[in-house]
Amino acid sequence: MKNLKQLVRPNIWNLKPYSSARNEFRGEASVFLDANENPYNEPYNRYPDPLQWKLKDRISELKDIAREHIFLGNGSDEAIDLLIRAFCEPGADNMIAITPSYGMYEVAADINNVACVKVPLSDGFRLDAGAALDAAGSNTKLVYLCSPNNPTGNLLEREEIFRILKYFKGLVVVDEAYIDFASSPSLLRGLASYPNLIVLQTLSKAWGGAGIRLGMAYASPAIIDILNKIKYPYNVSQLTQEWALRLLNRQEAMQRELSGILHERTLVETALQKLPFVQQVYPSDANFILVKVDNPDATYDYLANKGIIVRNRNTVALCEGCLRITIGTPEQNNLLIKALQTRTL
Ligand SMILES: *Cc1c(COP(=O)(O)O)cnc(C)c1O
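Just so it is clear, the structure is predicted and the values come from calculations on it, not from any experiment.

Chemist: Go over the sheet that holds strand E7 (residues 215-218), please, and point to the residues and values.
Modeler: Pairing is mixed across the open sheet formed by 7 strands, whose spatial order is E1-E7-E6-E5-E4-E2-E3. Two strands in the sheet have a free side with no partner beyond their single neighbour: strand E1 (70-73) and strand E3 (115-120). Within the sheet, the average angular offset between the axes of one strand and its neighbour, ignoring direction, is 25°. The pairing of strand E2 (residues 94-99) with strand E4 (residues 140-146) spans 4 bridges and is parallel. In the strand pairing of E4, Asn94 is matched with Thr140. Contacts from helix H9 (residues 221-230) reach E1, strand E5 (171-175), strand E6 (197-202) and E7, with the element oriented near 25° to E1.

Chemist: Which residues make up the pairing of E6, and what are the values?
Modeler: Counted residue by residue, E6 has 6 buried out of 6 residues, so it is predominantly covered. Burial along E6 is two-sided: Leu197, Val199 and Gln201 facing one way and Ile198, Leu200 and Thr202 facing the other are all buried. Bridging between E5 and E6 involves 4 bridges; their strand directions are parallel. Its bridge partner being in E6, Val173 is matched across the sheet by Ile198.

Chemist: Kindly report on the side chain of Glu264, identifying the contributing residues and their values.
Modeler: Tracing the backbone through its elements, the reader meets Glu264 in helix H11 (residues 251-273). This buried residue, Glu264, is left without a salt bridge; Arg265 holds the nearest opposite charge, at 11 Å. Beyond its immediate sequence surroundings of up to four residues, Glu264 is in contact with Ile327, Thr329, Pro330 and Asn333.

Chemist: Go over the site of the ligand with me, naming the residues and quoting the values.
Modeler: Not every one of the 14 residues close to the ligand is listed here, only the nearest: Asp175, Tyr178, Thr202, Ser204 and Lys205. In the model, an oxygen atom of the ligand is placed 2.6 Å from a nitrogen or oxygen of the Thr202 side chain. Considered on its own, the ligand offers 390 Å² of accessible surface; in the complex 94% of this is hidden by protein. Class assignment for the residues of the shell around the ligand results in 5 nonpolar, 5 polar and 4 charged.

Chemist: Which residues make up the packing of helix H5 (residues 76-87) against helix H6 (residues 104-111), and what values go with them?
Modeler: Running from N to C, H5 and H6 cross one another at 45°; their axes reach a closest spacing of 9 Å. Classified by the angle their axes make, H5 and H6 are oblique. Crossing geometry of H5 relative to H6 is assigned as right-handed. In this structure, H5 uses Asp77, Ile80, Asp81 and Ile84 to contact H6, whose residues at the interface are Met104, Tyr105, Ala108 and Ala109. Within the contact of H5 with H6, the residues separate by chemical class into 6 nonpolar, no polar and 2 charged.

Chemist: Explain the packing of aromatic side chains residue by residue, including any values.
Modeler: In the structure shown here, the tally under the stated rule is 7 aromatic pairs. Centre to centre, the rings of Phe125 and Tyr282 are 5.1 Å apart; their planes meet at 55°, and the pair counts as tilted. One end of the pair, Phe125, is in the loop between E3 and helix H7 (129-135); the other, Tyr282, is in the loop between strand E8 (278-281) and strand E9 (288-293), and 157 residues separate them in sequence. A residue is classified by how much of its surface remains accessible, and Phe125, at 8% relative accessible area, is buried. The cationic tip of Arg343 hangs over the ring face of Phe277; the distance from NZ or CZ to the ring centre is 4.7 Å.

Chemist: Before we move on, could you go through the sheet that holds strand E10 (residues 311-312) and cite the residues and values that matter?
Modeler: Taking strand neighbours across the sheet as the criterion, the 4 strands line up as E8-E9-E11-E10 in an open arrangement whose pairing is antiparallel. At either margin of the open sheet sits one strand with a lone partner, and together these are E8 and E10. Helix H12 (residues 296-305) contacts E9, E10 and strand E11 (322-326) of the sheet and is inclined by roughly 35° relative to E11.

Chemist: Pulling in residues and values, what's your account of the domain arrangement of the protein?
Modeler: Taken as a whole, the protein is organised into domain 1 (4-249) and domain 2 (252-341). On a C-alpha basis, the centroid separation for the pair domain 1 and domain 2 is 29 Å. Taken together, the 20 residues of domain 1 in the interface contact 19 residues of domain 2. Where domain 1 packs against domain 2, one counts 0 salt bridges. Inspection of the region where domain 1 meets domain 2 yields 4 residue pairs in polar contact (both at pLDDT 80 or more). By residue class, the composition of the side of domain 1 that touches domain 2 is 12 nonpolar, 7 polar and 1 charged.

Cut-offs applied
Residues numbered from 1 in each chain as written. Predicted model: local features only at pLDDT ≥ 70, side-chain atom pairs only at ≥ 80, totals over all residues. Heavy atoms only, no water. Pairing = 2+ DSSP bridges. Helix = DSSP H or I, 4+ residues; strand = E, 2+ residues; numbered from the N terminus. Axes fitted to C-alpha atoms, helices over the stretch in contact; angles between N-to-C directions. Contact = heavy atoms within 4.5 Å. Buried < 20%, exposed > 50% of the residue type's maximum accessible area, 1.4 Å probe, protein only. Lys, Arg positive; Asp, Glu negative; His and termini not counted. Salt bridge = Lys/Arg side-chain N within 4 Å of Asp/Glu carboxyl O. Near = heavy atom within 4 Å. Polar contact = N/O pair within 3.5 Å; in protein donor to acceptor, adjacent residues only side chain to side chain. Areas by Shrake-Rupley, 256 points an atom, 1.4 Å probe, with all protein chains shown as cover. Nonpolar A, V, L, I, M, F, W, Y, C, P; charged D, E, K, R; others polar. Parallel < 35°, antiparallel > 145°, perpendicular 65-115°, else oblique. Left-handed = near helix turned anticlockwise from the far one by under 90°. Phe/Tyr/Trp six-rings, centres within 6.5 Å; stacked < 30°, edge-to-face > 60°. Lys NZ or Arg CZ within 6 Å of the ring centre and 35° of its normal. Domains from an automatic or database assignment.

Given below as structure tokens:
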């Protein structure tokens, strides 16, 4: 890995960040007249903690990782964008993303006028570290990986990820939005050995918190400092910080929901495999299934007409013919399967 100063955009390295009222005073006080807030209408009249320490302490405990390794944002989408803004000079630097994968990597790159070099997954949607390393040039600052991958559902091979971490000179972002559903553990423990690793997780999937917008980025304290320097001062609202703590304190209930979803995933997989127009059900380590069918657009429309909305991935390269189906409640999954079983073409 190059050193961080060689990787960060010079203007970001030299940036003097905005210093908020909540940053400048640290300690105990009872009279806050420093932030031009209205003193009435508690509790949301006050600005929230800009660095969300209480929430980070809870996450630190749950994930067994020091809080200096944690950045919190308005969904993982915020970290995806901030990393590009921090490390890629618009019009000059580039980044790599696997394809097919989550669309936000490329959209965030486009918004920032940063070229996104797409490296196709190989047969079985497997990561080819050699292909990713070959695609990297001297101006490649970031590689975006997603494991389990969206929309394919599979985990990327750890050994291939480690090869990229070892030989790539820039930063490697591993998006683990679906890791709680997976059969193998997170790469978080890899942070100790790889200073260029950034792991993204979120409350939006397994934790049931998509509506509150909270995403986590885990990385070296030096990388976390850079993200904190360029984020909006109050990027995570008080309401979000509070609700996130509630969600993180219902770990057992979450685990039960998770087991239920995994059980349902097997049932849906089995039922899908029996349908005559289903060509392939791809193995999933996430809470959705990618399935290849004879007439994807017609199948999508048929389901939509019945009020059942799945994700049509037919136009995504390497996903031709595919629909992506989220695992719902048993009732919802039954409705889906019934609808597909009674379909006459
Ligand atoms: C759903 C999803 C996310 C979650 O993004 P948030 O902004 O945290 O809601 C991130 N990455 C991938 C691959 C996803 O599918």
